[in-house]
Every structure is written in structure tokens, then in C-alpha cells.
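Architecture at a glance
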Amino acid sequence: MLRWSALLTLSTTLAASPSAGCDLDTQAGAQTLVLPFASGTYEHAIAVPDGFAGPRPLLLYLHGWGGDSGECGATCGRATDRGYVTVALTGVGPSGWSSWNSPGAGDPATCAPGTPDFCHKYASCDCGEPACDWATCEDSTSQILEVYEAVVAAYCVDLDRVWAMGCSNGGMMVHGLASDDRSAPLLAGVATAVGLPHAHHNRKPATPMHYVGYWGASDRVVPPLSNTDDEDMSVDTDGWYYSTARNTTDLWAASMRCGAREAYAATSMDCTAASQCDGGADVVECLFDGGHRCGRPYMDDLVFDFMEPRSRAAATPTAAPTDGACDDDAGWFLKKKYRGCDWVAKKPGKRCEKSGATAACPSACDVGDCCDDDATWYSKKTNRDCAWVAKKPNKRCKKKSAGSLKIKATVACPEACGTCREPP
Ligand SMILES: *[C@@H]1O[C@H](CO)[C@@H](O)[C@H](O)[C@H]1NC(C)=O
């Protein structure tokens, strides 16, 4: 056992991807990075831990609406204690109105008529009729990327352990970073504290990555639980609409072909995890008893305990198929390397039921032409076929077929569920 753990430690050290900043001699302690962006100049607070050798994990922290780089405070302190280089950023807006252009901000469909509009605070927005504007209209992803580039060039960080975390508006913004092709490949994952995408701006991650989110069950600012006729939508006290926590994490889990949701242990939180997702990613969703709060010690522990053993997900298997989308994925395996699609093909009846096997091994599991919906598939009743799934893909793509194969709708109804693996 001892030998094993020594080996494991060694391999994690070897696996690090040092940034360019590792060639420089960086001092520990608190520092300020001042960077221009758009028409302004912004101060970002950096803290480098003392006494940790080699590349460190990097935490990019995004404040809530109207906050600034000072907001990370105790949370960044806990992260540096664990060896993270922390960067607390400041978003765009006049003093006291700093913000991130998170998914759906400014979409006229994201608030009820008469909801107060804050467009006049943000020079970057084109204000006409009230249009649910409340944050900067600059491209916040591009601002965050510029900070990231400056940081990895100057500090020694492990590029396989770069995390974006945010509270409230910052937590909304991490969903934007995850769904954007420019930023997603750089991230090991995201952590959202009391932040959700606006309604109908729920987006899947652009590449597989880890996700951990926590929300207050009685939060009235960004309510995580439905309080509308739509079970996937919540509304806050002012009239802003959100995708619920479950709707948000369901999309992540479905798009990364995760296994079934299971309980996940955390102090003072009620959590579930969907694991064995593409690239080895995990999706954790937690509720606590309380309102719009972030950064309490037990909340930070949840996030940092989650991040500690994890790093950037393995490259997506979408590049693996050669001839067509129906080929078995040569890079896929179930926990152990030898349990690939060949292994599944030997006992498809039993092994196709294993998490992810039908999706990765369409040929071994004989699930038909994997880019067309399977005309013979149904869940429980014959009228619950792919056409039925297509009407409510968000809920119904989780259904499985009856019988021993238990083929998931995401596999049998790739058109309906948008899960077709395109040939490269
Ligand atoms: C729920 O998520 C789905 C994607 O899975 C999305 O299409 C839908 O708009 C979301 N609902 C809300 C209210 O945001």
C-alpha cells in the first residue's frame, strides 16, 4: 500500500503542466496586477502561497455584482493556505457597479415587464427601451482571458489545475467561461456559489470539465429551486428569471454522458454527484439551508475539497472516431484500460449497461445507426419513443429502454437529445 501511495504522489507531480512563469523567480505574498481592458484599467489581487515548491494550482475568483477584487478575502486566504495561487479579478463597471457579462445578461426575455433596468450604469451597453440590462456589455470572457494570460506568464502554475470560481454574478459568469470555446479548454473546472445562468441561457460546457455548485435553498436573489409554473425556471424578488440548479446541472451531466446521480457527502450541505462523465469529470450540486450567501468556511471547504484531487479532464473522446460517428470509441474505457469497447463487445448484454458504455461503444452495443433516432426504442410504453423524447429532451433524455440492455435515450435518440457524435 505504501508503495502505491508513493507512486501515486510521484505521478501527480509528474503530471503537472508547468506554465511559462515557472522559469521565473516569483516571490510569495500579495501583489496587484493592473491591466487595461476596453476603455478602463482594472486592479486584480494576486496572492502567491509561501513554501510550496513547483507549479501550483490556480484559482481565478470572480466577485458578485458591484464587488471587486477585495471580495475574495477569506476565501482566497483559504485557497492560498492550500497552496493555490489566487487571482481575485475586478470586472467592468463604474465603482460599486463592477460586473461580468454572464450568460443571458441583457436578454429582454430574462426579466418580467417593469423590472428595474441598470443599463445607464454601463457605458458599453446600448440603452433603448428597458431590456433587462444590469451588467456590462463588454466581453467579460475576453477580459478574464487577458488576466489569465498575464498570470500564467508571470507565475508558476499548473496548467492542468486552473479553476474559475465565482459568487453570485461571478458564479453566473463561470458558466459563460465553461461554455466558451476560448476559455473552456484551459479549465480543470468551475465552481459556482449562489450563481446560475439566466433562464434559457443554460449552456453545456464546451469541453468536459468538473463542476461544483452550491446554492441557498431559501435564496430569493438567485433562487435555485423552481418557484414558477416551469419546473426548470425560478424568478427572484425583482423579476429576473433563472435556470434552476437542477436544470443547470442536468444539462452538464447529460452533455458529458455522466452516470446516475448519487449522494455526495459534504458538511452542512445536501449534495448529489453525477460521476464517470466524459474525460473523468464530475458534476456536484449542493444546497444549504439559507439565502444568498457565499464564502462561509464550510462552503469553501466543499469547493476546495472537491478541487484538490481533480485536474483538467482527459481530452474529449469526440476526436477518436475515425470513419464515422457509429464507430466504437477507441479511447474509452471503464475505470481500467483493458475494459474498452472490445471488452464490452464480448458480453454486450451485461456490459452495455455499464455507465457510458452504450454511448462510447455504439457498435459493440448494437444501438443502430447512432446519428438517427432509433425507431424501435421506447421507454416503458411504446408511445414513449424518440419523438416523445424530442418534445422534452431536457427531462426525457435521461430515460432508458426497458429490458436488459437499458439503452439510454441519449444513445438511442441522438437527434432528439443532440448527442450525436460527429465524425471529425
Ligand atoms: C433548462 O435547460 C435546458 C437545456 O437542458 C434549456 O434548453 C432550457 O432553456 C432550460 N430552462 C430554463 C428555464 O432555463
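The structure displayed is predicted, hence computed values, not measured ones.

1. Quick look at the overall build of the chain
A count of helical and extended segments in the chain gives 13 helices and twelve strands. Each principal axis of the C-alpha distribution contributes one length, and for the chain these read about 60 × 60 × 40 Å. For the chain, long-range pairs separated by at least 24 residues make up 64% of all intrachain contacts whose partners lie at least 6 apart in sequence.

2. Some details on the sheet that holds strand 1 (residues 29–37)
Strand order in the open sheet formed by ten strands is 1-2-4-3-5-6-7-12-11-10, and the pairing between neighbours is mixed. For this open sheet the edge positions go to strand 1 and strand 10 (261–264), each flanked by a neighbour on one side alone. Put simply, the sheet's adjacent strands are angled 20° from each other on average, direction ignored. Pairing analysis gives five bridges linking strand 6 (residues 189–193) to strand 7 (residues 210–216), with the strands arranged parallel. Following the sheet pairing, T192 is matched in strand 7 by G213. Set on the sheet, helix 3 (residues 140–154) makes contact with strand 1, strand 2 (40–48), strand 3 (56–62), strand 4 (85–88) and strand 5 (157–167); between it and strand 1 the angle comes to about 135°. Of the strands in this sheet, strand 5, strand 6, strand 7 and strand 12 (283–288) touch helix 6 (residues 297–307), which is tilted by about 170° from strand 7.

3. Focus: the site of the ligand
Taken together, the residues surrounding the ligand are A199, H200, N202, D230, D232, M233, S243, N247, L251 and N394. Taken together, the residues of the shell around the ligand sort by class into three nonpolar, five polar and two charged.

4. As for unusual backbone geometry
Phi at C132 takes a positive value of approximately 60°, unusual for a residue other than glycine. With respect to the element layout, C132 can be found in the loop between strand 4 and helix 3. With 23 C-beta atoms packed within 10 Å, C132 lands in the buried category.

5. Here we look at the pairing of strand 6
Where burial is concerned, most of strand 6 is hidden: five out of the five residues are buried. Along strand 6, one buried face is formed by G189, A191 and A193 and the opposite face, lined by V190 and T192, is buried too. Examined bridge by bridge, strand 5 and strand 6 share five bridges and lie parallel to one another. By the bridge assignment, G166 is partnered in strand 6 with T192.

6. Concerning the nonpolar core
Grouped together as the largest cluster of nonpolar side chains are 107 residues, with contacts concentrated most on L58, L60, Y61, W163, L187, V190 and V283. Sequence-distant contacts of L58, that is, excluding residues within four places in its chain, are made with Y84, V85, V87, V151, V157, R161, V162 and W163.

So, how was this worked out
- Residues numbered from 1 in each chain as written.
- Predicted model: local features only at pLDDT ≥ 70, side-chain atom pairs only at ≥ 80, totals over all residues.
- Helix = DSSP H or I, 4+ residues; strand = E, 2+ residues; numbered from the N terminus.
- Contact = placed C-beta atoms within 7 Å.
- Pairing = 2+ DSSP bridges.
- Axes fitted to C-alpha atoms, helices over the stretch in contact; angles between N-to-C directions.
- Near = placed C-beta within 6 Å.
- Nonpolar A, V, L, I, M, F, W, Y, C, P; charged D, E, K, R; others polar.
- Buried ≥ 20, exposed ≤ 12 C-beta atoms within 10 Å, placed from the backbone.
- Core = buried A, V, L, I, M, F, W, Y, C linked by C-beta atoms within 7 Å.

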